[in-house]
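Coordinate analysis (summary)
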Amino acid sequence: MGLTDAQIAAIDKRGRSVLVSAAAGSGKTYTLTKRIISKIIGDENNPPCDISRMLIVTFTRSAAQDLREKIFKALTEAIEEHPDKPHLKEQLLHLGDAKISTIDSFFIDPVKENFDKLGLPANLRLADSSELGEIRQECLTSAIEEMYSKSNVCAGTSLCDINFRDDFLDLWNGLSSTKQISKINEYLIDIHKNAMTTPDGVETLKKNAEKLKEYADGDFFACPIGESIQHKAITTALLAESKFDYYIELMKSKPEEDLVLEKYLPKFEEYKTACISLAEKCRGTYSEAKNAYEKFKLDDLRGIDKEDKTPFAEECSDAKGNINKTITTKDGFGKKFLFRTPEEIKEQLLLTARYNEIIYEIIASFNKKYSDYKEEHGLFEFYDMPIYLLRLLKDESLSVINDMRSKYDEIYIDEYQDVNAIQDEIFKLIGGARKRFMVGDIKQSIYGFRDAVPELFSGYRDTFPKHDDPAGKNSDGCTIFMSENFRCDTNVIDFSNTVCAFLFEAAGKSLNYQKEDDLKFGKTNIPDGYVPPKVQINIVEDLTVKPKKKKGEKTDDTPDAGEAAIISAVEEEIPREIILCA
């Protein structure tokens, strides 16, 4: 099988950082391996590279080992193909020491090598998963108690202190009314972990509070939360428009439905136009969108007497009512998301900012106590390593960043859609503007539980020009779309594209799903007369969910023996949690 134009570009592109948006089944690992081997072999324009001067990282040990084995096999084949290049045999010897590892493993080594510069003990070790649980709770409890003491001591001393006391108690009482104390602690620890995956650490919470204050002074749709609601307001209207358009085309295909064509078709065309107008009005300010949804009204659908209604006419009438409900009823979008006045939203943003500041104080105190304990006892957790490494890289009095930049000629990062903010910052610092080769697929981000930020991947994809764009030939980076899928039949690809385009549209600008993200059919050597099987969708119902009782209806919510056996069998086959270890 020959290489596609996109694969060739991914292998050959030099002198710039490269982002490869590699769809499922597009030969990502094959292309990555070919590029590495191509760099090692070299050509008349590019001297051969040493595998020891490449940093190659991915997310799991198995993926790193698989990549190492593929490079070994490709190197062995290259040695046979190029017997006149003795340095290839040297590369095979160097492969065992090459930096091909998980991201977590890569972060650990430079920290341990520079422990003294960080003030860490020489016997630093990874803490056992259960070793720090009790200490973590003690540090958090101590931080919360300090806040309680602060709110009591300052009571009545000044207006500012009174406001702090009241805001803290309001926040804590609000949390306590909806969660058990243990759940609140888990919530705060999760906030801490999330903050520590950003370059600014816990200071991110303080900066978020400042941003919320800034947002409060502007239009709600200008802030990230408001932007997502605006996007939903527009897509809700456009989805209604597309449903009306569907029925318009369906009516036109039924000439026998003369009354529907005469009475309902013109009204559905009016409804469609009204939905388009609603969507356009939502592209303005929050007040304009709120006003548009409040005033939106579809005229009654009349003109056909009940005795003259065909089943299709009934279907059209029901469709109009159901579509209208998504916009105008108490459960419609406007009533659920656009019910507050701009003044109320400003007040809520400012209050949220204040609560953010209080949570920041709790988390900052907890972080200090917890970090001090770990450092004193020579313990670390995986999420500590990027924090320490970033501290080393940003300390201008140290030579760590220059040493690491000069150590690697190119940095390969697989599954870039799953990196978090602090990992991205480290790779930017080490790789500079033109050394990174980043591979990923926005549709396959699975590490949300480890605070992956797929928006980073989509951000590079949107800012880097396409590799074949002449206007971007001098840019620091470029984007290559590898969209050909060599595994699946056309019907599976078409179905996947339809589903993904719809689902990712809900993410709006943050992921910015593009036409190039669609899969392309790439299979070759298809036998004559081959008919691909139909796409089959299996919907698995959760039998453990109790059915809702209708008013006055008596039901037995307990599954019978047969249902219980099915539930038990399913639970044995499908584990509740899958733990991915780096």
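An account of the accompanying structure is given in this report.

About the thresholds
Residue numbers here run from 1 along each chain, matching the order of that chain's written sequence. Under the rules for a predicted model, residues below a pLDDT of 70 receive no local features and side-chain atom pairs below 80 are neither given nor counted, while totals for whole chains, interfaces and linings still include all residues. Based on all heavy atoms of the structure, the side-chain values leave hydrogens and waters out of the count. Exposure categories follow from relative accessible area, calculated using a 1.4 Å probe and restricted to protein chains: below 20% of the type maximum is buried, above 50% is exposed, and the middle band is partly exposed. Elements are defined by DSSP. Helices are runs of H or I of four residues or more, strands are runs of E of two residues or more, and each kind is numbered from the N terminus. Directions are taken from the helix axis to each C-beta atom, and the arc is the one they span. By definition, residues are in contact when any of their heavy atoms lie within 4.5 Å. Counting of polar contacts relies on pairs of N or O atoms within 3.5 Å, with two restrictions inside protein: one atom must be capable of donating a hydrogen and the other of accepting it, and residues adjacent in sequence are counted only when both atoms are side-chain atoms. Note on definitions: salt bridges are taken to be side-chain nitrogens of Lys or Arg within 4 Å of carboxyl oxygens of Asp or Glu. Any two strands with at least two DSSP-identified bridges between them are counted as paired. To define axes, lines are fitted to C-alpha atoms, for helices over the stretch in contact only, and angles between the resulting N-to-C directions are given on a 0 to 180 degree scale.

**Focus on helix 12 (residues 286-295)**
Listed in full, the buried residues belonging to helix 12 are Tyr286, Ala289, Lys290, Ala292 and Tyr293. An end-on view of helix 12 places all buried positions within 165 degrees of arc, on one side of the element. The outward face of helix 12, more than 90 degrees from its buried face, is lined by the exposed residues Glu294 and Lys295. Where helix 12 is buried, its residues meet helix 10 (224-252), helix 11 (258-281), helix 13 (311-328), helix 14 (333-337) and helix 15 (342-376).

**Here's the deal with the side chain of Asn485**
Examined against the element boundaries, Asn485 turns out to sit in strand 9 (residues 484-485). Its relative accessible area of 2% is what places Asn485 among the buried residues. Polar side-chain contacts of Asn485 include one of 2.9 Å to the backbone nitrogen of Arg487.

**Thoughts on the pattern of salt bridges**
Counting across every chain of the model gives 37 salt bridges. Linking Arg461 and Asp462 is a salt bridge whose minimum nitrogen-to-oxygen distance equals 3.8 Å. For Asp462, a relative accessible area of 36% corresponds to the partly exposed category.

**Notes on the pairing of strand 2 (residues 54-58)**
Side chains on a regular strand alternate between the two faces of the sheet. Summarising burial for strand 2: 5 of the 5 residues are buried, a large majority. Alternating positions in strand 2 separate into two faces, Met54, Ile56 and Thr58 on one and Leu55 and Val57 on the other, with burial throughout. As judged from the 4 bridges shared by strand 2 and strand 6 (residues 410-413), these two strands associate in the parallel manner. By the bridge assignment for strand 6, Ile56 is matched with Tyr412. With 4 bridges connecting them, strand 2 and strand 3 (residues 99-102) associate as parallel partners. Following the sheet pairing, Thr58 is matched in strand 3 by Thr102.

**Points about the sheet that holds strand 3**
If you walk across this open sheet you meet the 6 strands as 3-2-6-7-1-8, and the pairing is parallel. Each edge of the open sheet is held by one strand with a lone partner, namely strand 3 and strand 8 (477-482). Pairwise comparison of adjacent strand axes, ignoring direction, gives a mean angle of 15 degrees for this sheet. Those strands touched by helix 2 (residues 28-41) are strand 1 (17-22), strand 2, strand 6, strand 7 (436-440) and strand 8, and its axis lies near 170 degrees from that of strand 6. The sheet contacts of helix 3 (residues 61-81) involve strand 2 and strand 3, and relative to strand 3 the element is tilted by about 155 degrees.

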